[in-house]
Amino acid sequence: MKDTLKHKGMRNKLANILADKGIVSTKVLEAIKTIPRHLFLDSSFEDHAYQDKAFPIGAEQTISQPFTVAFQSELLEVEPDHKVLEIGTGSGYQTAVLLHLRAKVYTIERQQELFKKTSRFFTKMGYRPKKTIFGDGYKGLPTEAPFDSIIVTAGAPFVPNPLLAQLKIGGKLVIPVGLDEQIMTLFTRTSEKEFEKKEFGSFRFVPMLEDKN
Ligand code: SAH
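Computed from a predicted model, the values in this text were never measured in an experiment.

Asker: How should I be thinking about the site of the ligand in this particular structure?
Answerer: Within the structure, the ligand sits among 27 residues, and T62, S91, E109, G137 and L209 are positioned closest to it. At a separation of 3.0 Å, a nitrogen atom of the ligand approaches a polar side-chain atom of D136. In the model, a nitrogen atom of the ligand is placed 2.6 Å from a nitrogen or oxygen of the L209 main chain. When the ligand is considered free in solution it has 580 Å² of accessible area, and contact with the protein chains removes 99% of it. Its atoms largely coinciding with the cavity grid, the ligand occupies the largest pocket. Of all the elements in the fold, those that place two or more residues in the shell around the ligand are β2 (61–63), β3 (83–87), α4 (93–100) and β4 (104–109).

Asker: Even after reading the chapter, I still don't get the layout of surface pockets, so can you show me in this structure?
Answerer: Empty space among the atoms can be located by rolling a probe the size of a water molecule over them. For the largest pocket, the calculated volume is near 450 Å³. Forming the boundary of the largest pocket are 34 residues, of which Q61, G88, T153, A154 and V206 lie nearest the centre. When residues of the lining of the largest pocket are traced back to their parent elements, those giving at least two are β2, α3 (66–76), β3, α4 and β4. At 3 residues, β2 tops the list of elements feeding residues into the lining of the largest pocket. Taken together, the residues of the lining of the largest pocket break down into 14 nonpolar, 15 polar and 5 charged. By volume, the second largest pocket is sized at about 330 Å³.

Asker: Can you help me understand the side chain of D52 in this one?
Answerer: Here D52 lies in the loop between α2 (26–34) and β1 (55–58). Look at D52 and you get buried, because its relative accessible area is 13%. Only 2.5 Å separates the side chain of D52 from the side chain of K21, close enough to count as a polar contact. A polar side-chain atom of D52 sits 2.9 Å from the main-chain amide nitrogen of F67.

Asker: Mind showing me how you'd approach the packing of aromatic side chains here?
Answerer: Within the structure shown, the criterion is met by 13 aromatic pairs. Ring geometry for F40 and Y93: centres 5.5 Å apart, planes at 80°, overall edge-to-face. One end of the pair, F40, is in the loop between α2 and β1; the other, Y93, is in helix α4, with 53 residues separating them in the sequence. Of the residues examined, F40 reaches a relative accessible area of 7% and is grouped as buried. Geometrically, the ring pair formed by F203 and F205 is tilted, given 6.5 Å between the ring centres and 45° between the ring planes.

Asker: Looking at this structure, I do not really get the environment of V174. What am I missing?
Answerer: Mapped onto the fold, V174 is located in strand β7 (residues 167–177). For the pair V174 and A59, spaced 115 residues apart in sequence, the C-alpha separation works out to 24 Å.

Asker: What should I look at first to understand the nonpolar core in this one?
Answerer: L18, I23, I35, F40 and Y93 are the most contacted members of the largest nonpolar core, which has 44 residues in total. Of all the elements, α3 adds the most residues to this core, at 6 residues. The contact partners of I35, leaving out residues within four places of it in the chain, are R11, F40, Y50, Y93, A96, V97, H100 and Y127. The next biggest cluster of nonpolar side chains, apart from the first, holds 19 residues, and it includes I87, Y106, Y138 and A154.

Asker: Help me understand the pattern of salt bridges in this model?
Answerer: When their charged atoms lie close together, side chains carrying opposite charge are able to pair. Tallied over the full model, the rule gives 13 salt bridges. As a salt-bridge pair, D42 and K117 come within 3.7 Å of each other at their nearest N and O atoms. Here D42, found in the loop between α2 and β1, pairs with K117, found in helix α5 (residues 112–125); they are 75 residues apart in sequence, far enough to count as distant. Take K117: its relative accessible area is 39%, and that puts it in the partly exposed class.

Conventions and cut-offs
Residues numbered from 1 in each chain as written. Predicted model: local features only at pLDDT ≥ 70, side-chain atom pairs only at ≥ 80, totals over all residues. Heavy atoms only, no water. Near = heavy atom within 4 Å. Polar contact = N/O pair within 3.5 Å; in protein donor to acceptor, adjacent residues only side chain to side chain. Areas by Shrake-Rupley, 256 points an atom, 1.4 Å probe, with all protein chains shown as cover. 1 Å grid on protein atoms, 1.4 Å probe; cavity = no way out; pocket = protein on both sides within 12 Å on 5 of 7 lines; lining within 4 Å. Sits in = over half its atoms within 2 Å of the grid points. Helix = DSSP H or I, 4+ residues; strand = E, 2+ residues; numbered from the N terminus. Points joined across faces, edges and corners; volume = space filled by probe spheres on them. Nonpolar A, V, L, I, M, F, W, Y, C, P; charged D, E, K, R; others polar. Buried < 20%, exposed > 50% of the residue type's maximum accessible area, 1.4 Å probe, protein only. Phe/Tyr/Trp six-rings, centres within 6.5 Å; stacked < 30°, edge-to-face > 60°. Core = buried A, V, L, I, M, F, W, Y, C linked by side-chain atoms within 4.5 Å. Contact = heavy atoms within 4.5 Å. Salt bridge = Lys/Arg side-chain N within 4 Å of Asp/Glu carboxyl O.

Below you can see the structure in the form of structure tokens.
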């Protein structure tokens, strides 16, 4: 599959749709305009890649809806060289957005099939996360902590304590919390022991599962 002017045109339209839905960060909208989302999907979905929808990516998982990716990315307030931990690599699309924002990205995936497929895809495309990890996101990544921000891209039944513990002071955790439906929740670490919590609208994610390995 290739990236063409037609795809670029569709991406510009998608960015306008996301702006209409309330995304204001020009950096995030630029990422949406730049990243070839159709290449992150199976070719059978290519025609739909620039609709604001989630799609299956195998192993019962989905690529998140572009609005959701943009919304979470905006909440993270990524600055160049921020150390960012992503839980749920999936297709790698959210990873690519974070890389476009010039973050140093560490990304964890617990489905081996997806982990392998997406790691190969990053290499092929020249996307360079600092580390792709096959493992359980509930534990975070203590060896690389603390992080400027942590993003969870699966629905978490509860907020895992290790993720809060691995934030820098001033760091942010963006996590959708809930079972059938999730409330987008932003935690900001205001001191060693204190966190400020803000809640946003409801979203639907595939579940954040506990480790089987
Ligand atoms: N960011 C991805 C979203 C994929 S869906 C994208 O843009 O495509 C969520 C992903 O989280 C799935 O790939 C799922 O396998 C993964 N996941 C679920 N529970 C996990 C856990 N405990 N640790 C790491 N990844 C997990």
